[in-house]
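Here are the chains, one letter per residue:
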Amino acid sequence: MSKLMDLDHWRRARFAGKPPSMTTVRRWCREGHVPAKKMGGTWFIDLDAERRQTGNPLVDAILEA
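No experiment lies behind these values; they were computed from the predicted model shown.

Analysis parameters
Residues numbered from 1 in each chain as written. Predicted model: local features only at pLDDT ≥ 70, side-chain atom pairs only at ≥ 80, totals over all residues. Heavy atoms only, no water. Core = buried A, V, L, I, M, F, W, Y, C linked by side-chain atoms within 4.5 Å. Buried < 20%, exposed > 50% of the residue type's maximum accessible area, 1.4 Å probe, protein only. Helix = DSSP H or I, 4+ residues; strand = E, 2+ residues; numbered from the N terminus. Contact = heavy atoms within 4.5 Å. Pairing = 2+ DSSP bridges. Axes fitted to C-alpha atoms, helices over the stretch in contact; angles between N-to-C directions.

S.K.: So what's going on with the nonpolar core? Which residues, and what values?
M.R.: One broad rule of soluble globular proteins: the nonpolar side chains tend to lie buried together. In this structure, Leu 7, Trp 10, Val 25, Cys 29, Val 34, Trp 43, Ile 45 and Leu 47 together form the largest nonpolar core, which totals eight residues. Secondary-structure elements contributing two or more residues to this core are helix H1 (7-14), helix H2 (22-31) and strand S3 (42-46). Excluding residues that lie within four positions of it along the chain, Trp 43 makes contacts with Asp 6, Leu 7, Arg 26, Cys 29, Arg 30, Ala 36, Lys 37 and Lys 38.

S.K.: Break down the environment of Phe 44 for me, with residues and values.
M.R.: With respect to the helices and strands, Phe 44 occurs in strand S3. On the accessibility criterion, Phe 44 (22% relative accessible area) is partly exposed. Distance in space between the C-alpha atoms of Phe 44 and Lys 3 is 9.4 Å, their sequence separation being 41 residues. Among all residues touching Phe 44, those that are not within four sequence positions of it are Leu 4, Met 5, Asp 6, Pro 35, Ala 36, Lys 37 and Met 39.

S.K.: I'd like to hear about the sheet that holds S3, residue by residue, with values.
M.R.: Spatially, the three strands line up as an open sheet ordered S1-S3-S2, and their pairing is antiparallel. At either end of the open sheet lies a strand with only one pairing partner, and these are strand S1 (4-6) and strand S2 (36-39). On average, adjacent strands in this sheet sit at an angle of 35° to one another, irrespective of strand direction. Docked against the sheet, H1 engages S1 and S3, running at close to 90° with respect to S1.

Okay, here's the thing in structure tokens:
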């Protein structure tokens, strides 16, 4: 089972100092830039999937297949 963290807690933990706005992070979720799931109108970050990301979209796509 994946570990999920709500969006606001994730952005504050992930970005030291001044985190990006909630609007920006929601857009990242919608566009698939971060591994997120929407449940009941609330976005959650899949922490396990985020750890598996390499930062290279091509490599990530191949590893997911």
